[in-house]
Structure formats: C-alpha cells, structure tokens
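A look at the structure
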Amino acid sequence: MKTSIIINIKRVSLLMVSVALGLSSCTGNFEELNSNPTGLGVADLPLSTYFNEPQLSIYYNQSNGNWEYQLIQNLNADLYSGYLAVPTAFASNNNNSLYYMVDGWNSYTLNYGLLHVMKPVSNILKSTEEPDYIAIAKILRVAGMSKVTDVYGPIPYSKSMQGGLSVEYDSQEDIYKSFFADLEESINALTAFVDANGDQSTRLTFDKMCGRSHTTWLRYANTLRLRLAMRVVKVAPALAKVQAEAAVANKYGVLTAADANIEVKDANTRNPLMIIARDYNDCCVGASFESIMKGYNDPRLAKMVLPVGWKLDSNKQQIDITDKNGNATNSIGEVHGIRNGFSVPSSAVYKMYSIPMVEIGTTVLSDKYPLPIMKVAEAYFLRAEGALRGWAMGGDAESLYNDGIRVSLAEYGVEASYNDYVNDNTRMAQDYVDPYNSDLNIAAMNNVTVKFGGDNETKLQKIITQKWIAMFPEGQEAWSEFRRTGYPKLFPIVENRSAGLVAEGDFIKRLPFCLDERNNNPAGVASGVTLLGGADNIGTRLWWDVQKGNF
C-alpha cells in the first residue's frame, strides 16, 4: 500500500493494538466511546450529520480513508467472491487469501458497522418522529448491518446500543427476522408518505444514494427485502417466499430499468477500490473473473477491467508481464487476472496484471466514479430466481433473466450486443493461463452458456453467474450468494493454509469473531459461539448457508 498499514506481521500486530486501544469492546462501552467531543447532545446536531455517516459506511468510506474498505471488504469478501486477488505478499503470504486469517484485519468489520451504522441510526431514531426519516434510517441500518452479519453470523445487534460491560449476541435468524420487520415497517411508512405527498426532495437534502426521491428509497427498500429474502431461501423457504412476493407486490415495486443504480454520489468521496488497485497496487482482477468474462467474450469486460499496460515505469513506458525467465510475454493490451491463495513472489512480478475500473470517458484511472450500493440489474436476477422457484415475481424466469442482462449491458453502453449475447449457446468459461507461472494454470470450471435453458439447477447457475457479472465489483454480496448457491463455480485457492479448518478444494464460510471482542466482551462472544452452532472458525457455515441442494 502507498500509505499502507498492512505490510508485515509486525505492522499487523501494531494494527491489532491500535484497534484494541481505539475501538476496544465496541459493544461493551459504546456510549463512552461515542460521546460527542463538542459537548453537543443528539438533539443539538442536524439530522444530516447522522444520515451522512451510515450512507457512506455501507461501502466503508465515511472518512475517505480507503484503508477501511481494504480491511473490511477487499482483503476478504472481494477475494472470496472470485472478483479480485492480491499481487502483494502480505504477512509473508500468511494472510486471508490463503485462509491463514489475520485477526487484526478481520476485527474491523464489526467495529465499523457498530460505530458508523448502528450508532448514527440510533441517534436519528432518538432525534426525530418524522415517519419518512425513521423509515430511511431503518433501511440504512438493514443495508449496513446485513453485510456485517453475513461476514460473521451472530453479532451484537438488538442490545448493541445499550452499553454495559458485556453485550449478548443475537442469532443470525433473529437478526434477519428483525431486518424483515424493519423493512416491512419502513416500506409501509414510505408507501403512505408517497401516497400522500409524492416525492419531497427538499426533505431529503442529506440523501447521497437515491437522488432525493422518496420513491427511489422505497424501491431500494423493496429490492433489499427481495435480496435478503432470497438469502434465506434454503433455510426458511416459506419465509423467503412471503418476503419476496411482498417486496415485488408493493405498489411502487422494486428497482427497474427506469431507475438508476443505487450509488453513493458525492463529489468529495473517492472510490476506495480504485485507490487500492491504482495507488497502493494491492489489488488485481481475479482469475475466475477473467475466465468467465473472456469465455463469454463479454462486451462489458473492456469497461470493467484495465488490460496489462495500465502501469507505467519511471520513463512512462507501459510495463509488460514477464515470464519466470524475465522475458516479456507481449501481454500489453490483454486482460490477465491472478489466482487467489498462492505464495506471491516478494518481487513485483504481479503488480502489472489487470486491475478493476469503471470508465468515465477517457479517464480510465479515475477514482471519482460512484460507489455502487445496489445495481438495478440485480433486481431482475433476483426476480428471475424467484420465478424459477414458482413465486409471483411479475414475469417468467427467462424474460426476467434476459432483462437483467439487457439492463447490465446498457449500464456499460454495450446494449447493441444484447441479441448476440443472450442467444449464445456455445461459449463457456475458458481455461486460465498465468503468463508468469504456468504452474498456476487451471481448466475452466463454470461450464454454462449464456442462453437460458436446461434443468432448474442449470438455469439457476446461469442466473447467478449473470448476477455475479452485473454486480461487479461488490464483492460482499457476490461472496454471500456464492456461499448460498455455489455459483458461479470459482477456482479454489492454490495453497490452503487453514490447518484443516477448510477442506482442500472447498471454500471459506465466514470470518471468526473479532479479536477485541474476544478480549473485552468474552461472555458476549461465548453467546455468539453458542448461537453459531459450531466452532468459531472459517469452516463453520452461517445460518442461511445450508449444506443441501438449491432445489
């Protein structure tokens, strides 16, 4: 990293100390840690102060610091989703990528969610009785904390804002039921508000996500409800069906092609992923993403990923990949990703591989593009899966699947390729070839074409694969859906250093509970382990991650 706090074991240890000192037992002494240094009480500060923080914190960027996002998502979910990989030998290759878990990295997800989502939302709810503000605050709480529970499983939730020396954890089942209750209440309140008033943009001056539109907040809430309903479909199918159908049946509906993506639009906020990839040079595209996108000859690839040659040497010359003998491979202009979970050489031999990007005109290395919270295309793929399961989704599975592809292609300005793309029944993922190290080559795994068809399992694999492409680069949601469905089929890590916690060829299931929580809230963590129903390690499945078939 350019200003990295993660370089080696000693620096990681310093991070662990700083986290323990600065955020020690977030659940245990929350009120003390979060007292306002200005002396102003909750009622003395404008609501916009409290709304800003959770909006920016869904993507972990409330401080514009970039390293928060790197710790919270980039060094776990972004890797485990198959989207991205690291070209850096963090901690002498004893790191999350190889399933050797670094406590100092993995504690921050919970701490951040409690400090920057739960706390400001709690302050909003103390500060106002306006039904639309309360509804939006609760939507933000669900959006932010659903990502946290999907990392760990049980977390401090219902009692986390009450303070005390020890705070019990909630089961993930109870947390999800709380999410659904909050979303139902918020959707009903916003529906009544919009029915009576329409959109009142002057009331939403704090809004950075939904264009100051109450209707868009409502559609986002419905789509979030649909997303979370689908998450629990294997463990609680009846609940999933009720919640999904209610989301789609709401009179204002879910996000459609008429809506914009839900993004943090703020002129002062940089995209942290681009900083990590471009400036820190700590992040490249993953081999699974390369394999699938190249195999489909996907027209979005050129708008999602920069080819080799983006990195320049001191003479402003493009840097090519060399092989192990130091010979140029003539890879400039080609997309090349990196396998996950292997011993990265200490030299910078992988630093010039392809990195993620979203093009803004000709400024392909810009860090000013919006932070993606939810893509419109996702709503179509969620409905397509629901229709495949026989639910009332306002359309059939094939039409909704094709519409999801259409919307995603349009997002990247390549909608002219739609007909050829959706009707292709020959192309599949291609074999991965590493120009530097042929020992890392691997045969393609995600063996489905784009054209809709096959049995239900094959259709689901196609739906999830296309949703995975469309959601790029939101690795947390992609990792959650991979755990739930097993799709798309990803390359396993090369070197599994989990000491048997994850079987060879299998994949990580969760992050362990926080180090500072184990030190400072041991009784709370003990309650979490009991609710988890298994050992507190990376091989234990979450509540919704049921080990059975998708149908």
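Before any of the text, the structure's been laid out above.
Residues numbered from 1 in each chain as written. Predicted model: local features only at pLDDT ≥ 70, side-chain atom pairs only at ≥ 80, totals over all residues. Heavy atoms only, no water.

Check the secondary structure of the chain and you find 21 helices and 6 strands. Radius of gyration (C-alpha) of the chain: 22 Å, near the 24 Å computed for a compact globule of 551 residues. For the chain, the C-alpha atoms occupy an extent of roughly 65 × 55 × 45 Å along the three principal directions. In the chain, which comprises 551 residues, the proportion classed as buried is 60%. (Helix = DSSP H or I, 4+ residues; strand = E, 2+ residues; numbered from the N terminus. Rg over C-alpha atoms; globule rule 2.2 N^0.38 Å. Buried < 20%, exposed > 50% of the residue type's maximum accessible area, 1.4 Å probe, protein only.)

So, about the nonpolar core. Counting 166 residues, the largest nonpolar core has M209, W217, Y220 and F289 as the members making the most contacts within it. Per element, the largest residue contribution to this core is 12 residues, and it comes from helix α8 (residues 131-152). The residues touching W217, leaving out its near neighbours within four places in the chain, are Q55, I136, I139, L140, L190, L204, D207, M209 and C210. (Core = buried A, V, L, I, M, F, W, Y, C linked by side-chain atoms within 4.5 Å. Contact = heavy atoms within 4.5 Å.)

Close contact between helix α4 (residues 67-74) and helix α7 (residues 108-127) brings their axes to 9 Å; oriented N to C, the two are set at 120°. Classified by the angle their axes make, α4 and α7 are oblique. Considering how the two elements wind past one another, α4 and α7 form a crossing that is left-handed. For the pair α4 and α7, contact is made by W67, E68 and I72 and by Y108, T109 and Y112, respectively. Taken together, the residues of the contact of α4 with α7 break down into 4 nonpolar, 1 polar and 1 charged. (Axes fitted to C-alpha atoms, helices over the stretch in contact; angles between N-to-C directions. Parallel < 35°, antiparallel > 145°, perpendicular 65-115°, else oblique. Left-handed = near helix turned anticlockwise from the far one by under 90°. Nonpolar A, V, L, I, M, F, W, Y, C, P; charged D, E, K, R; others polar.)

What the rule picks out here adds up to 29 aromatic pairs. Here W217 and Y220 contribute two aromatic rings whose centre-to-centre distance is 6.1 Å and whose plane-to-plane angle is 65°, an arrangement assigned as edge-to-face. Taken together, the residues W217 and Y220, both in helix α10 (residues 214-231) and 3 residues apart, mark about one turn of the helix. Of the two residues, W217 and Y220, both sit in the buried class. Ring geometry for Y350 against Y436: centres 5.5 Å apart, planes inclined by 75°, an arrangement best described as edge-to-face. Here the residue Y350 occupies a position in the loop between β4 (305-306) and β5 (355-356), and Y436 occupies one in the loop between α17 (418-422) and α18 (456-471), the gap between them amounting to 86 residues. A relative accessible area of 0% places Y350 in the buried class. Members of the aromatic cluster, joined through ring pairs, are Y157, Y176, F179, F180 and W543. (Phe/Tyr/Trp six-rings, centres within 6.5 Å; stacked < 30°, edge-to-face > 60°.)

Take the environment of L204 next. Turning to its location among the elements, L204 is positioned in the loop between α9 (172-197) and α10. Under the relative-accessibility criterion, L204 is labelled buried at 0%. When the C-alpha atoms of L204 and H214 are compared, they prove to be 8.1 Å apart, with 10 residues separating the residues in sequence. Among all residues touching L204, those that are not within four sequence positions of it are Y133, I136, R212, S213, H214 and W217.

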